[in-house]
Amino acid sequence: MESLPLETAEKIILRWDSTASEEAREKMIFTGEHREDADLYLQAVDEIQRSLSSVAVSEKVNSAIQIAMARLEDEFRNILISHTNNASFDPTTEEESHHHPHHHQDPPSSSSSPMHPHNADDGEEVDKTSLLLRFDSDGAASSAASSYRSISSIREVDLLPSDAVYDLRCIAERMVSSGYLRECIQVYGSVRKSSVDASFRKLGVEKLSIGDVQRLEWEQLENKIRRWIRAAKVCVRTIFASEKKLCEQIFDGVGTAIDDACFMETVKGPAIQLFNFAEAISISRRSPEKLFKILDLHDALTDLMPDIDVVFDSKSSESIRVQAAEILSRLGEAARGILSEFENAVLREPSRVPVPGGTIHPLTRYVMNYISLISDYKVTLNELIVSKPSTGSRYSGDPGIPDMDLGEFEDKTPLDVHLIWIIVILQFNLDGKSKHYKDASLAHLFVMNNVHYIVQKVRGSPELREMIGDDYLKKLTGKFRQAATSYQRATWVRVLYCLRDEGLHVSGGFSSGVSKSALRERFKAFNGMFEEVHRTQAVWLIPDSQLREELRISISEKLIPAYRSFLGRFRSHLESGRHPENYIKYSVEDLEDAVLDFFEGIPVSQHLRRRSE
Amino acid sequence: MPATTESNQGSFLGRISIRRNQVMSMDGSHDQELEDLELFQKHVGDRFSELPADDLLSIAWLRRLLDEFLCCEAEFKAVVLMGRDPSHLAKPPLDRLLPDLLDRVVKSLDVCNAVTLGLDALKNLQRLAEIAVVALHHSPLGDGQVRRAKKALAALLAAMLHEDATAKATERSRSFGRRQGTATAKASPRSFSCTMARNWSASKQIHAMLSNLAAPRGNESSGLAQPVYVMGSVLVFVMWALVAAVPCQERNGLGTHFPLPRQVGWAQPMVSLQEKIAEEWKKKEKKGTVGLLDEIQRMEKLGHSLVEFADSFQFPAEADRLEEVKKQVQELSDICTRMQDGLEPLQLQIREVFHRIVRSRNEFLVVLDQAGKLSTPPL
């Protein structure tokens, strides 16, 4: 194109001086339609700029450049705003699931521009049903973002149509080369930032203060964390990435690092707002129930970090990268702290009221559930937990802490050792609790039940089993077996003692050799004891049916033969006397039946059934 | 007396059990402790008296303030926490005073965030001022440059008004028709600093932090209650000064009364600073203020003066008028340079304060939990 004569250029600039005429105010030069006006104007600006470098610059030219720049600034803003109104990010998808009916939007307006997914064929099923750029007629939030597919990698969209981008670039070039880059950054930043804010609102990114987060119930926070994780992926991988792309499209090569400056103007505030929530979570008071959501948050942020690094790769955006990394590290610390808290809490759990019937203590269930969840998160936790627990009274001088020889677990990961340690302190606590039972037998039963439960839980989960290891599992098994044995000893030794031979025979003479009175005493004692044990221990509970059976069988194996043999040898001595039924109350079958009542947790009636009646 | 224990790396138990390498006789340690507590208070007083009285609330001054704060905080931790038997911290009155302090700490985290946002708002003002500087530096100064400067200055002054406004976030300007000199400001109608959570208020936050802040009485005033009180006062004072200086959300009604003991040594320097700042605040509050930050106050003055010049400008201007303006422009340029050099580091420092008090809070929480063995744990 031929260059314009200077006078002509000046005229054109003055004609479009918006401070000078109504007409200039009402019409825009860059309308996306008639290019001639725009091209001519740019030409005029170029001519003015050219003449600035000549030796004698007239005041008119001086003034003209400012008028031109002011005009271009307005045009720039106008282009941005008129397209921003139409293209703020609205993430909704077509939901495949039947459970969530999707609210359909208005059809896209004619100025819509298609989405260009970054990698169209990355094999994700989400492509067709992934984010669609929706267009509203005005920038107001239309539908709430009900649900949207998770984005797993950077996907920029074109925020503005390419001819708008071209115009913006043309304008930016002139503004920057005239030294008006600050105005350019100012305008760009303020308009685009509003757009990002609007997108955030639609995504449901909340502005919560740290105080707000401290005050909320954890359940509510869990929901918010879930939403945040989904939203953050969209924010980083699409919203921020797209803004960055737009800055590059407009400003790359125009001046120095203008694209960075504009990008930061646009996203710095929203990015900080986004990360502040995660930071607030990482700061919140540590308590065991928070562990898994914090790990979720940690994992999500870890997953996002490479993309954060890519999107915020300039020097001016370093603070955002740094903050994200700080939050990540804090989340890891929080996880470690919570695990410690948990271990402490297990150790110190102070309830003294014995669980009725010696059954599974709620603590046992809670702890085993918890470590089962830990095993689900073992990949992350193995990275975060890097030191083994400090264990044992040898190390802490505190008799309130059990011993554990770490030497046995040389080849286990620190996390594994922590899990074993948790089981150790659980047992330690349970042992303490068992002492609150007045009845020693019940104490043993309690230990047996609970340790058995632990064993079952570990056996039932391949991860847990692998982490705990068969060696320790064997130890645990041995422990509950031993508890069973201790129980039997505590209860049945004295009962079976009644059925012993010694003391019944009297020496000497012609008599039958058996003291009838002693025999009667024995029977009475046995009956009494057995009835008491029966009544008491029917109410005790062994929840695991197999264990229950095994113990009953074990009892029977000792009791029944002993009673049968006793009956066989000595009943005849009493049957010839008075009221033998007062002493020989029960048949073997009666006893066998009675044993079936044991550990059911159901009270039995006062007297045993007597078949022989 | 618990025996000296090994410390196991990474074990929180180990951290608590670290003992100083001293022979811990009952009397000896007690004297040592008293001395440490007194030194702590003396140091607080010293540090605040070293803060320069002029240049109050400038960027450089604020940075020094934060430095001193970090020193106080570190010493506080050393005196109260290190080598301390956790159960001491769970006894009254500390069982109430420490959680109060930690609550103040959490509140100050939000203040740090709000102030950081406010500093971003100042960067925006800085940029507008720089436009004016660039324009007015031009020689010969013509209509074009003056118009440019005026536009930027008008936007600057409007933005300053806006940062002060308690206006809630408004919608983006939809109407494009009002294209005048303040077009730039219209495009950013929402105050930059008003992006904290809805309903968050800096003045309310400070007010809440001040509640229950009272000097320990009677026999409580020996022992650990005193340094806890001192630290609390320091914390609130620093946060208050930041809020007074930097525009942040909802500062209306920022209290100017501080319950600091006037006669006590450690408090006097703080009291005198506090009074000076409060006086300034009261003066400016009526007219509305964008914050007492020295650079911004001067920028505002210069902005008004230069706008006046721009309004009455006619090309060519008289030489002595130009000389005057040149001086003011240079001053404005210096302010911009100071902001350019100082705002980022100030933000980084605030971030460091943030980190430090989070970390300390964690350490305290761990010790308090350790000490609270008798309380039911959250299972």
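Treat the numbers as computed from the prediction; the structure is a model and nothing was measured.

Criteria and thresholds
- Residues numbered from 1 in each chain as written.
- Chains lettered and ligands numbered in written order.
- Predicted model: local features only at pLDDT ≥ 70, side-chain atom pairs only at ≥ 80, totals over all residues.
- Heavy atoms only, no water.
- Helix = DSSP H or I, 4+ residues; strand = E, 2+ residues; numbered from the N terminus.
- Buried < 20%, exposed > 50% of the residue type's maximum accessible area, 1.4 Å probe, protein only.
- Expected span 1.5 Å × (residues − 1).
- Polar contact = N/O pair within 3.5 Å; in protein donor to acceptor, adjacent residues only side chain to side chain.
- Contact = heavy atoms within 4.5 Å.
- Buried area = accessible area lost by both parts, 1.4 Å probe.
- Salt bridge = Lys/Arg side-chain N within 4 Å of Asp/Glu carboxyl O.
- Nonpolar A, V, L, I, M, F, W, Y, C, P; charged D, E, K, R; others polar.
- Core = buried A, V, L, I, M, F, W, Y, C linked by side-chain atoms within 4.5 Å.
- Phe/Tyr/Trp six-rings, centres within 6.5 Å; stacked < 30°, edge-to-face > 60°.
- Axes fitted to C-alpha atoms, helices over the stretch in contact; angles between N-to-C directions.
- Parallel < 35°, antiparallel > 145°, perpendicular 65-115°, else oblique.
- Left-handed = near helix turned anticlockwise from the far one by under 90°.
- Disulfide = S-S within 2.5 Å.
- 1 Å grid on protein atoms, 1.4 Å probe; cavity = no way out; pocket = protein on both sides within 12 Å on 5 of 7 lines; lining within 4 Å.
- Points joined across faces, edges and corners; volume = space filled by probe spheres on them.
- pLDDT = per-residue confidence, 0-100.

(A) Broad picture of the overall build of chain B. Helix and strand counts for chain B stand at 12 helices and zero strands. In sequence order, the secondary structure elements of chain B are arranged as α-α-α-α-α-α-α-α-α-α-α-α. Every one of the 379 residues in chain B was classed for burial, and the buried ones make up 54%.

(B) The arrangement of helix H17 (residues 440-460) of chain A in detail. Residue and element names in this part refer to chain A. Between its first and last C-alpha atoms H17 spans 30 Å; for 21 residues at 1.5 Å apiece the expected length is 30 Å, and the two agree. Here H17 lies mainly inside the structure; 15 of its 21 residues are buried. Two or three places before serine 441, at the start of H17, stands the capping residue aspartate 439, its side-chain oxygen 2.9 Å from that residue's backbone nitrogen.

(C) Examining the interface of chain A and chain B more closely. Of the residues lining the interface, 70 residues belong to chain A; the matching set on chain B comes to 61 residues. For the pair chain A and chain B, the summed buried area comes to about 5,500 Å², and 50% of that belongs to carbon and sulfur atoms. Among the residues chain A hides against chain B, the three largest losses belong to Arg182(A), Gln186(A) and Arg348(A). Together they make up 12% of the total. Here chain A and chain B share nine salt bridges between them. In this structure, Glu279(A) and Arg351(B) form a salt bridge, with 2.6 Å as the shortest nitrogen-oxygen distance. Across the contact surface, chain A and chain B share 19 residue pairs in polar contact (both at pLDDT 80 or more). Elements with a contribution of two residues or more to the side of chain A that touches chain B: helix H2 (22-26), helix H4 (59-84), helix H7 (181-203), helix H8 (210-215), helix H10 (258-283), helix H12 (318-348) and helix H13 (362-376) of chain A. Among the residues making up the side of chain A that touches chain B, the classes are represented as 20 nonpolar, 23 polar and 27 charged.

(D) Highlighting the environment of Lys326(B). By the secondary structure assignment, Lys326(B) is in helix H12 (residues 319-371). Taking the C-alpha atoms as reference points, Lys326(B) and His137(B), 189 residues apart in sequence, are found 7.4 Å from one another.

(E) Structural detail: the nonpolar core. Counting residues in each nonpolar core, the largest one holds 304 residues, and the members touching the most others are Phe240(A), Phe48(B) and Met299(B). Among all residues touching Phe240(A), those that are not within four sequence positions of it are Val196(A), Phe200(A), Cys235(A), Phe263(A), Val267(A), Pro270(A), Ala271(A), Leu274(A), Val311(A) and Phe312(A).

(F) Quick peek at the packing of aromatic side chains. Per the stated rule, a full pass over the model turns up 31 aromatic pairs over all chains. Pairing Trp492(A) with Phe530(A) gives two aromatic rings, centres 6.1 Å apart and planes at 45°, and the pair type is tilted. With Trp492(A) in helix H19 (residues 470-497) and Phe530(A) in helix H20 (residues 516-538), this pair connects stretches of sequence that are 38 residues apart. Of the two residues examined, Trp492(A) and Phe530(A), each falls in the buried class. Between Phe237(B) and Phe258(B), the ring centres sit 6.3 Å apart and the planes meet at 85°, which makes this aromatic pair edge-to-face.

(G) The packing of helix H3 (residues 35-52) of chain A against helix H6 (residues 162-177) of chain A, seen in detail. Residue and element names in this part refer to chain A. One way to put it is that H3 packs onto H6 with a least axis distance of 11 Å and a crossing angle of 15°. With respect to their mutual orientation, H3 and H6 come out roughly parallel. As for the relative orientation of H3 and H6, their crossing is left-handed in sense. Residues Arg35, Leu42, Val45, Asp46 and Gln49 of H3 form the contact with H6, whose participating residues are Tyr166, Asp167, Cys170, Arg174 and Ser177. Classifying every residue of the contact of H3 with H6 gives four nonpolar, two polar and four charged.

(H) Focus on unusual backbone geometry. Note that the residue after Pro92(B), namely Pro93(B), is joined by a cis bond; omega there is -5°. Mapping Pro93(B) onto the fold places it in the loop between helix H4 (86-89) and helix H5 (94-137). The phi dihedral of Ala257(A) is positive, around 55°, even though this residue is not glycine. Positive phi values are uncommon outside glycine, yet Asn199(B) reaches one of about 70°. With respect to the helices and strands, Asn199(B) occurs in the loop between helix H7 (183-187) and helix H8 (202-210).

(I) Spatial organisation of helix H9 (residues 225-245) of chain B. Taking 1.5 Å per residue, 21 residues should reach 30 Å; H9(B) reaches 30 Å between its end C-alpha atoms and fits that length. For H9(B), the tally of buried residues reaches 21 of 21 residues, placing the bulk of the element in the interior.

(J) Representation of the state of the cysteines. All told, the structure shown has zero disulfides over all chains when counted by the stated rule. Cys184(A) takes part in no disulfide bond, and the closest cysteine sulfur to it belongs to Cys262(A), at a distance of 5.8 Å. For Cys184(A), a relative accessible area of 1% corresponds to the buried category. A disulfide-free cysteine, Cys112(B) has its sulfur positioned 11 Å from the sulfur of Cys248(B), the nearest such atom. On the accessibility criterion, Cys112(B) (2% relative accessible area) is buried.

(K) Expanded view of empty space enclosed by the protein. Counted by the stated rule, this structure contains 14 cavities of 30 Å³ or more. As for the largest cavity, its lining consists of 20 residues, of which Lys207(A), Gln273(A), Asn276(A), Thr195(B) and Met196(B) are closest to the centre. Of all the secondary structure elements, the ones that give two or more residues to the lining of the largest cavity are H7 and H10 of chain A together with H5 of chain B. No other element matches the seven residues that H10(A) contributes to the lining of the largest cavity.

(L) Seen up close, the confidence of the model for chain B. Residue and element names in this part refer to chain B. Mean pLDDT over chain B stands at 80; residues scoring 70 or higher make up 81%. Taking the mean pLDDT of every element in chain B, the minimum, 32, falls on helix H1 (residues 12-17) and the maximum, 94, on helix H3 (residues 59-80). The low-confidence segment residues 1-27, where pLDDT is below 50, has 36 contacts with residues more than four positions distant or belonging to other chains. The low-confidence segment residues 374-379 (pLDDT under 50) makes 14 contacts with residues lying over four places distant or belonging to another chain. The ipTM assigned to the predicted complex is 0.84, against a pTM of 0.83.

(M) Structural detail: the confidence of the model for chain A. Residue-level pLDDT values for chain A average 84, and 85% of them are 70 or greater. Counted against residues more than four places away or in other chains, residues 93-147 of chain A, with its pLDDT under 50, gives 96 contacts.

(N) Examining the pattern of salt bridges more closely. Within this structure, the stated rule accounts for 58 salt bridges over all chains. Between Arg330(A) and Glu279(A) there is a salt bridge whose closest N-O contact spans 2.8 Å. In this pair, Arg330(A) is assigned in helix H12 and Glu279(A) in helix H10, connecting sequence segments 51 residues apart. Just as Arg330(A) is buried, Glu279(A) falls in that class too. With a shortest N-O distance of 3.2 Å, Glu295(B) and Arg338(B) are connected by a salt bridge. Of the two residues, Glu295(B) is situated in helix H11 (residues 294-311) and Arg338(B) in helix H12; the sequence distance between them amounts to 43 residues. By relative accessible area, Arg338(B) is classed as partly exposed at 35%. Connected through salt bridges with shared partners, the residues Asp46(A), Arg169(A), Glu173(A) and Arg174(A) form a single ionic network.

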